[in-house]
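# A closer look at the structure
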Number of protein chains: 2
Amino acid sequence: MADGGRRRARGGGGAARRAERTAVRINTAKFIERNIPVTELLSEDTLAIIEYNAETVLEEIGVNFVDSPEALARWKAVGASIDGERVRIPRGLARKLCQTAPSKFTQHARDPAKSVEIGGNTLVTAPVYGPPFVRDVEGGRRYATMDDFRKFVKLGYMSEFLHHSGGTVCEPTDVPVNKRHLDMLLAHMTLSDKPFMGSVTEPSRAQDSVEMCEILFGKEFVQENTVMTSLININSPLTFDSIMMGALEVYATNNQASIISPFIVGGAMAPVSVVGTLTQVLAEVLAGIAYSQILRPGAPVIFGTFVTSIDMNSGAPTFGTPEASQILYGAGQLARRMGLPFRSGGGLCGSKLPDAQAAYETANTLNAALMGGVNFMLHSCGWLEGGLVSSFEKFVMDADQLGTLQKMAAGVDASENGQAMGAIAEVGPSGHYLGCDHTQQNFKDAFWRSSLFDYKPFETWDEEGARDTQTLAAARVKYLLENYQQPAMDPEVLAKLEDYVAQKKESMPDSFV
Amino acid sequence: MADGGRRRARGGGGAARRAERTAVRINTAKFIERNIPVTELLSEDTLAIIEYNAETVLEEIGVNFVDSPEALARWKAVGASIDGERVRIPRGLARKLCQTAPSKFTQHARDPAKSVEIGGNTLVTAPVYGPPFVRDVEGGRRYATMDDFRKFVKLGYMSEFLHHSGGTVCEPTDVPVNKRHLDMLLAHMTLSDKPFMGSVTEPSRAQDSVEMCEILFGKEFVQENTVMTSLININSPLTFDSIMMGALEVYATNNQASIISPFIVGGAMAPVSVVGTLTQVLAEVLAGIAYSQILRPGAPVIFGTFVTSIDMNSGAPTFGTPEASQILYGAGQLARRMGLPFRSGGGLCGSKLPDAQAAYETANTLNAALMGGVNFMLHSCGWLEGGLVSSFEKFVMDADQLGTLQKMAAGVDASENGQAMGAIAEVGPSGHYLGCDHTQQNFKDAFWRSSLFDYKPFETWDEEGARDTQTLAAARVKYLLENYQQPAMDPEVLAKLEDYVAQKKESMPDSFV
């Protein structure tokens, strides 16, 4: 029994129960279940062209699987044509192989109430992934450390509308490259109880991730359930490297989920057009997900799309642009036509500061992600400077905005109470609704309210120091970190995890490359 | 001949032609023609409930027409039941009267290339309307003056993605209340050549607006064409005052366009629910537009909706919230079902500064407005602090973002060039697109590019002073105002306009109430 194994692992003794009693109650919203329609931006005709062209790309141009004789052998066995590292996939084969991938899966969290469903009408939010730098008002921009990492995990744990703890919320550059994943996983497992991501920087580190999950969740539970969703980037254009494919192999064969994701700076790694880029995205995802299903039919995967536009003057990637939104909408449509969960979007921006540029770009992306039907949204909060920086202030700013998506997706209430005809009759022309019964009964949940923004009258706001959003956010970061309380954990499990990390670290010399 | 009259008015002599030759060329994008689908957020069932309930409101509760015996008489004549100032409209009557309103109309500009079509698949952007205060980095927050007003008109004239010069871009508080409209209209007419709005603060001022347009465009042209779109607010809930209705009468009988717009702070002036609010909005618009068609069947009108949410803690109106977006989407659907042009949205925000809060809130609204099918977007740029402040910096920030709507609405190119299959074949796996033919031929228009945001590498940006968006915007405001050149105008027309304003001002004592 999978659940039995899990309960054992989470059982714990008196100490754990005592810790549980003293912990501060932190609200986490259930993952979003969309009760509004998805916007279908591209026409049926355009989508059919893209699908046809993507198959042409796979058949005639093909994709490279680099340094992976096993991958080439596997492709050959299912009927692809192999020429050096080039794999040409007959029309229709990749799409057929993709059919065994589930349209929806559950990623379990340590706290079962925080397990998430990914696919169908759901939207799961996860924080920024990957930046080597951090920034805050006090310390400015600097290389990220493990201490920063832990702070972001704590903030994520305390963010109501963030459903997922994420993965590399920043790169802890003070820990050796070959040991970072151990500390990062330990932080997600112990400082939060939300679902998280595993390491992909080496197949062996993916294996370590699986083994740590076996300690946390129980070995049997992990084999029968998905407890990690990890990020497998494709080396666009049309190239699959052996490290990422090795990590994918570890996760797929262990029934763990992978996001198969083209990573594209538009105009550099894909054609400088929306339809051309979508064609390449689809070809890459078809090949990558087909490969995951060759490794293990039924392995949970997500149709990923990370595409930026580019400023052709400076060569810088740009975010929140109309073309990036069009690609996001189109990729979502392609994913739904394959019946696959879809990853894209997030709080993407190019700005160096959490200022108005950052917020316009971020909001443009968040809105497109919601309306475009994203199921898994990496980089939902904290992303700054094109992904070079994890920003403490922007983390709480974006996390607050995620509440707007949650409420928007809930749709409108057309019940008798929602219709409010009694209130309209009661108040009548020239009246005032604030005091009427319907308002009194409904006002608490009627309108979404930011827990960060300033809604005070000008005079009050001015007397309090005329603070801008960044300043308010800095205060909120401080408040949250000061009031953080670690979620309770079975001390035996904790000891085993710490032992595992210590032993692994001792087993190899430090490496910083 | 209407066109003949217009050409005469614009004819001018050598001086005008010389002025024309020396003027700096300012680009103005054509009004947006939407090539993407509209998002239909609410279900058919919910819309049918709202439509049924709105008719119930009109029939059973009714609306008040205050201090307007003529209005009551007109309503009685078409079959409504009158009880004091209360007008009860039999089910179906208002909707039937609305049928003579055009689904689309052209508002002519002084420069015919800048005339706009309002309705159907178009989107026309107009600036902020109404704030008594202005703000900029140098001068802070202060009462607006006529000098500020002129600056905003100049900025609007120079904003590529702003199609309309607007109306009260700020309240010139240094000019007597009863004479402001003259100076404001003269500024729009002479400092810009884009379409503009007329005065609604007194019926006599609406009449002055028509007369000034007759000087600018020619009397015959004005009678046969629409040259103003003005804002007629409904005094929600369900109340129509005699001043606004008097202005509507002047405009409708002169074939000039009016936006019939509920003005609602949610929870105070309408029920604290989306469906209840939409019911009231529809009832109010049905009554208002029906009345415009009683005044003159075929008078051009716009289905307006201005609804904010409210922070029930402070009572402050809030913007960019999910409920505000849901109401915008729903109202758009209701307007389209009536076949009427739709006004809503804009760069709405509650923030005191043009900071991240302002930009999140603004972008949420702009995105909803685009996807929700807004045809006329007042407050597109410059709106700050819940509409109390016109911000110079936010004006250019928002005006820049309007470019994203323009490009997004253009849709995607699925032509052979857009498909870029040649480029994908040419570059192949692991290649680079920057140098390929397709990129070279298409890069200039491929990706929208902000003309305000910072896209430079961190180091360059840091060396240049680490400027945030507000600082960049302040520099842009300065640059634009320094480089403004007035569009050429027939000196005879200008003299007549100035005479008209001078005579009108002399004809009455100053009033500041």
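Residues numbered from 1 in each chain as written. Chains lettered and ligands numbered in written order. Predicted model: local features only at pLDDT ≥ 70, side-chain atom pairs only at ≥ 80, totals over all residues. Heavy atoms only, no water.

Residue and element names in this part refer to chain B. If you walk across this open sheet you meet the 4 strands as E9-E8-E19-E18, and the pairing is mixed. Whereas interior strands pair on both sides, the edge strands pair on one side only; in this sheet they are strand E9 (140-143) and strand E18 (383-384). As paired strands, strand E8 (residues 133-136) and strand E19 (residues 389-391) are joined by 3 bridges and run parallel to one another. Paired with Val134 across the two strands is Ser390, which belongs to E19. (Pairing = 2+ DSSP bridges. Helix = DSSP H or I, 4+ residues; strand = E, 2+ residues; numbered from the N terminus.)

Taken together, the contact pairs 107 residues of chain B with 107 residues of chain A. The interface formed by chain B and chain A contains 6 salt bridges. Here Lys407(B) ties to Glu323(A) by a salt bridge, and the two come within 2.5 Å at their closest N and O atoms. For the interface between chain B and chain A, the tally reads 44 residue pairs in polar contact (both at pLDDT 80 or more). Here the element with the most residues in the side of chain B that touches chain A is helix H13 (residues 356-371) of chain B; it accounts for 10 residues. By residue class, the composition of the side of chain B that touches chain A is 51 nonpolar, 38 polar and 18 charged. (Contact = heavy atoms within 4.5 Å. Salt bridge = Lys/Arg side-chain N within 4 Å of Asp/Glu carboxyl O. Polar contact = N/O pair within 3.5 Å; in protein donor to acceptor, adjacent residues only side chain to side chain. Nonpolar A, V, L, I, M, F, W, Y, C, P; charged D, E, K, R; others polar.)

A few words now on the pairing of strand E10 (residues 229-234) of chain A. Along any regular strand, the residues point their side chains to alternate faces of the sheet. Residues and elements named next belong to chain A. Within E10, 5 of the 6 residues are buried, leaving the element largely enclosed by the surrounding structure. Pairing of E10 with strand E12 (residues 257-265), which is carried by 6 bridges, proceeds in the parallel orientation. Along E12, the bridge assignment pairs Ile232 with Ile260. (Buried < 20%, exposed > 50% of the residue type's maximum accessible area, 1.4 Å probe, protein only.)

All names here are of chain A. Per the counting criterion, the structure on display carries 54 salt bridges over all chains. Between Arg95 and Glu51 there is a salt bridge whose closest N-O contact spans 3.8 Å. Within this pair, whereas Arg95 is found in helix H5 (residues 93-98), its partner Glu51 is found in helix H3 (residues 44-61), the two being separated by 44 residues in sequence. Classification of Glu51 by relative accessible area gives buried; the value is 15%.

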